[in-house]
Amino acid sequence: MKKSRYTWFWLFLPVLLCACGKQPSQTVELNISHARKRALALFELKADQGAVLLDSLRPDKNGVCRFRVPCDSLRIYLLASSGNEHFLCLTPMPHQDLRISANYDSLVSSATVQPIPATDSLCPSLILLAYQQQIAQAERTIRFYTDIWMENRYQSTQVDSLHEACTRAIDSVMDTLRQEARRLCRQNTANLIPVVVINKAIGNRRVLDLSEPETLAFLLDCTKQMQRHNPQNPHVKRLMFQLARIDSYRKQEEIRLLEQTGEEPQIP
């Protein structure tokens, strides 16, 4: 009997479909209390597009829902719940499943993260959650001192002292955040934690001030270390591009100012 020329194609079709359709992935399991049929929004933070909506997640009657994400590279995900101003930011390591428990109405403050299986190695999502919770606490503290100033500035008999005390308290909170941000950036160059930390702000005030030459030089050094670990990661590439552009602009401005004063430029 004459064989069809397509015989081999049909024999190998299941293998081809399996190879093309089954991409490596990992699971994030959510245990959300007090969801009351409300959904969570899942975003991926992309280097070139910002936050892109991936899915709407609705916990079941037990508060459980799951989603799967590719594990081929380092990525950043955001979870949002209705009425909350903060996103829960996740940076899963490839092939590391996560279990997250949280209250729907206080997603960041109440969250706990557990890698599956449990491991002694670093879990970036757990480290990043601790910093997000520190940021949220700092915002509450700053809001407290800001309210004290706003409510008493026209009534206090010692306005200058009140302003100085509130300013000093707020600066202390920001200094603590800044020290922690630098520590996280220095110790986590093998993952994407620095990408999130560098872009963190409270109100319109960045935790790490990129206009400070010393801070900028520190972050450039950290990003170069990140490039050694993940040279092709789009988040790392974009971060280096942004910091290098800021550094280039700073140097050009310093040269311009020195030339105006007639001094000899001496910029490293």
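Details of the structure are given in the entry above.
So, a few notes on the structure that sits alongside this text. In this text the structure is predicted, and so the values were computed from the model without any measurement.

1. Describing unusual backbone geometry
Line of reasoning, step 1. If you check the backbone angles, His34 has positive phi at about 60° while not being a glycine.
Line of reasoning, step 2. Residue placement: His34 occurs in the loop between strand S1 (25–33) and strand S2 (40–46).
Line of reasoning, step 3. For His34, a relative accessible area of 48% corresponds to the partly exposed category.
Line of reasoning, step 4. Backbone geometry at Lys37 places phi at a positive 65°, although glycine is not the residue there.
Line of reasoning, step 5. Residue position: Lys37 is located in the loop between S1 and S2.
Line of reasoning, step 6. On the basis of relative accessible area, Lys37 is assigned to the exposed category, the value being 73%.

2. What to know about the packing of aromatic side chains
Line of reasoning, step 1. The full count for this structure, using the stated rule, is two aromatic pairs.
Line of reasoning, step 2. Centroid distance Phe43 to Phe87: 5.9 Å. Interplanar angle 90°. Geometry classified as edge-to-face. Remark: Phe87 occurs in the loop between strand S5 (77–81) and strand S6 (88–90) and Phe43 occurs in strand S2; sequence separation between them is 44 residues.
Line of reasoning, step 3. Ring geometry for Phe144 against Tyr145: centres 5.1 Å apart, planes inclined by 75°, an arrangement best described as edge-to-face.
Line of reasoning, step 4. The exposure class of Phe144 is partly exposed, given its relative accessible area of 48%.
Line of reasoning, step 5. For Tyr145, a relative accessible area of 27% gives the class partly exposed.
Line of reasoning, step 6. Taking NZ or CZ as reference, Arg182 lies 4.2 Å from the ring centre of Phe218, over its face.

3. Some thoughts on the pattern of salt bridges
Line of reasoning, step 1. Taken as a whole and judged by the stated rule, the model has 16 salt bridges.
Line of reasoning, step 2. A salt bridge links Asp72 to Arg75, with the shortest nitrogen-to-oxygen separation between them at 3.0 Å.
Line of reasoning, step 3. Here Arg250 ties to Asp247 by a salt bridge, and the two come within 3.2 Å at their closest N and O atoms. Here Asp247 and Arg250 lie together in helix H7 (residues 234–261), a separation of three residues that amounts to about one turn.
Line of reasoning, step 4. Here the residues in one salt-bridge network are Glu44, Lys46, Asp72 and Arg75, joined through shared partners.

4. Let's talk about the environment of Ala111
Line of reasoning, step 1. One can find Ala111 in the loop between helix H2 (107–110) and strand S8 (112–116).
Line of reasoning, step 2. In this structure, the C-alpha to C-alpha distance between Ala111 and Leu126, residues 15 residues apart in sequence, is 9.7 Å.
Line of reasoning, step 3. Not counting residues up to four positions away in its chain, the partners in contact with Ala111 are Leu88, Ser101, Ala102, Ser106, Leu129 and Gln133.

5. Describing the sheet that holds S6
Line of reasoning, step 1. Taken in spatial order, the four strands of this open sheet run S3-S2-S5-S6, and their pairing is antiparallel. Edge positions in the sheet fall to strand S3 (50–57) and S6, since each has one partner strand and no second. The average angle at which neighbouring strand axes cross in this sheet is 25°, direction not considered.
Line of reasoning, step 2. Where S2 meets S3, seven bridges bridge the pair, whose relative direction is antiparallel. Paired with Glu44 across the strands is Val52, a residue of S3.

Cut-offs and rules
- Residues numbered from 1 in each chain as written.
- Predicted model: local features only at pLDDT ≥ 70, side-chain atom pairs only at ≥ 80, totals over all residues.
- Heavy atoms only, no water.
- Helix = DSSP H or I, 4+ residues; strand = E, 2+ residues; numbered from the N terminus.
- Buried < 20%, exposed > 50% of the residue type's maximum accessible area, 1.4 Å probe, protein only.
- Phe/Tyr/Trp six-rings, centres within 6.5 Å; stacked < 30°, edge-to-face > 60°.
- Lys NZ or Arg CZ within 6 Å of the ring centre and 35° of its normal.
- Salt bridge = Lys/Arg side-chain N within 4 Å of Asp/Glu carboxyl O.
- Contact = heavy atoms within 4.5 Å.
- Pairing = 2+ DSSP bridges.
- Axes fitted to C-alpha atoms, helices over the stretch in contact; angles between N-to-C directions.

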